[in-house]
Each structure stands twice: as structure tokens, then as C-alpha cells.
Amino acid sequence: MIRHAHKINDFSEPTKKENKALHLEKRKCARVSIGVPVSCVSVDSKERPLDQNKGIVKNVSQAGLKIEAENDVSSDRLKLAFIDLNKCIAQIAGKVVFSHKTPTGTYKIGVQLQGNNPDIIQFVSKLVRFHYYTKKKMH
């Protein structure tokens, strides 16, 4: 039985029950499943680009997001960007929290969003709006 994750305040909540083992959700913010293409540029400590990657944002919260990308990252710092509904570039900085190679050869990359809170909220809102608007148009 799988239950959706809930927003966590001061308490961890169970999110998945598997073989009678209880797993606790430890995220600060609830995640929203989406599928938005993004550009991911690894940067050095002086914000100079090291390499470029592309991927799909699989889920997002007010604290971070998970990307499934073609290649691994070459730095723990990223610049993320995508074209929003107004045809403007939405971008934000992020810190790589984890990167794992999947059996299919892609990489799952966990990113903690960096910047001031209003910029993070605006970026996340644009991602979610883009996902739901384009999803709606396809149906």
C-alpha cells in the first residue's frame, strides 16, 4: 500500500508501507509530481559554467526538486533554467544534494534550491503552472 507524502511540520508522517515495514517521510515540504524539461548547467565557485545537461524535473517542493537527467553533474552547484508560459527564461541556482545513476543509464539528481524565498517560490510556481497548463492542453 502506497500513500502520498504529506507536508511535514514538526512530526514525521508515514508515507509508505511495504512488507509491514514503516517508512517515515523526513522532508520539510510536500512534493508535487511534475514533468518539466530543464537546462542544468554545472558551475564552479565563481559561477563559471563547467558543462551543460538537460533533464526533466520529476518533483518539486518549496525547498528543492528532483531531476532525471541524461548525464551526471560535474559540480555541486547548478544553474537551472526553463522557458515559462510567458516565453521568458525562468532560472534559479541550486545545490546538488545527491546524484544516482539509474538502471536505464539516466541520473536522478536531488537539488536544494538556493536564493531568497520569494525567488524560490516564484520559480517553483512557474514550474508547477507550466506542468499543469501543458498537461491540460495535451488532453
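See the structure above.
Only a predicted model underlies this, so the values are computations on that prediction, with no experimental measurement involved.

A short note on the overall build of the chain
- If you tally the helices and strands in the chain, you get one helix and eight strands.
- For the chain, the N- to C-terminal ordering of α and β elements is β-β-β-β-β-β-β-β-α.
- By the burial criterion, 33% of the 139 residues in the chain qualify as buried.

What about the pairing of strand 3 (residues 32-43)?
- When strand 3 meets strand 4 (residues 49-60), the two strands line up antiparallel, connected through 10 bridges. Across the sheet, V36 pairs through a bridge with V57, a residue of strand 4.
- The antiparallel hairpin formed by strand 3 and strand 4 contains five residues in its connecting segment, where E47 sits at a positive phi of about 70°.
- Pairing analysis gives four bridges linking strand 3 to strand 6 (residues 77-83), with the strands arranged antiparallel. Residue S42 lies in a different strand from strand 6, and its bridge partner there is L78.

Considerations on the environment of R77
- Inspection of the secondary structure puts R77 in strand 6.
- For the pair R77 and V96, spaced 19 residues apart in the sequence, the C-alpha separation amounts to 6.1 Å.
- With sequence-adjacent residues up to four places away left out, R77 is seen in contact with V41, S42, V43, D44, S45, E47 and G94.

Observations regarding the pattern of salt bridges
- Under the defined criterion, the tally for this structure stands at four salt bridges.
- Among the salt bridges present, the one from E68 reaches K108, with a minimum N-O distance of 3.8 Å. Separated by 40 residues along the polypeptide, E68 in strand 5 (residues 64-69) and K108 in strand 8 (residues 107-114) bring together distant segments of the chain.
- You can call E68 partly exposed: its relative accessible area is 23%.
- Close ionic contact of D84 with K126 constitutes a salt bridge, the shortest N to O distance being 3.4 Å. In this pair, D84 is assigned in the loop between strand 6 and strand 7 (89-101) and K126 in helix 1 (residues 117-138), connecting sequence segments 42 residues apart.

With respect to the packing of aromatic side chains
- The tally for this structure, following the rule as stated, stands at two aromatic pairs.
- Centre to centre, the rings of F82 and F130 are 5.9 Å apart; their planes meet at 70°, and the pair counts as edge-to-face. With a gap of 48 residues between them, F82 in strand 6 and F130 in helix 1 connect regions that are remote in the sequence. In this structure, F82 and F130 share a single accessibility class: buried.
- By the ring-pair criterion, three or more aromatic residues cluster together here, those being F82, F123 and F130.

Conventions we followed
Positions within a chain are numbered from 1, following the residues in the order the chain's sequence is written. Owing to the predicted nature of the model, reporting of local features is limited to residues with pLDDT of at least 70; listing and counting of side-chain atom pairs is limited to 80 or more, with chain, interface and lining totals taken over all residues. Heavy atoms throughout the structure, all of them, feed into the side-chain values; hydrogens and water do not. What counts as a helix is a DSSP run of H or I of at least four residues, what counts as a strand is a run of E of at least two, and both are numbered from the N terminus. Between buried and exposed lies partly exposed: a residue is buried under 20% and exposed over 50% of the maximum accessible area for its type, with that area taken using a 1.4 Å probe on protein chains only. For two strands to count as paired, DSSP must find a minimum of two bridges between them. Throughout, a contact is declared for two residues whenever any of their heavy atoms are within 4.5 Å. By definition here, a salt bridge exists when the distance from a side-chain nitrogen of Lys or Arg to a carboxyl oxygen of Asp or Glu is within 4 Å. In this analysis, rings of Phe, Tyr and Trp, with Trp reduced to its six-membered ring, are considered paired at centre separations within 6.5 Å, and the interplanar angle assigns stacked below 30 degrees, edge-to-face beyond 60, and tilted for intermediate values.

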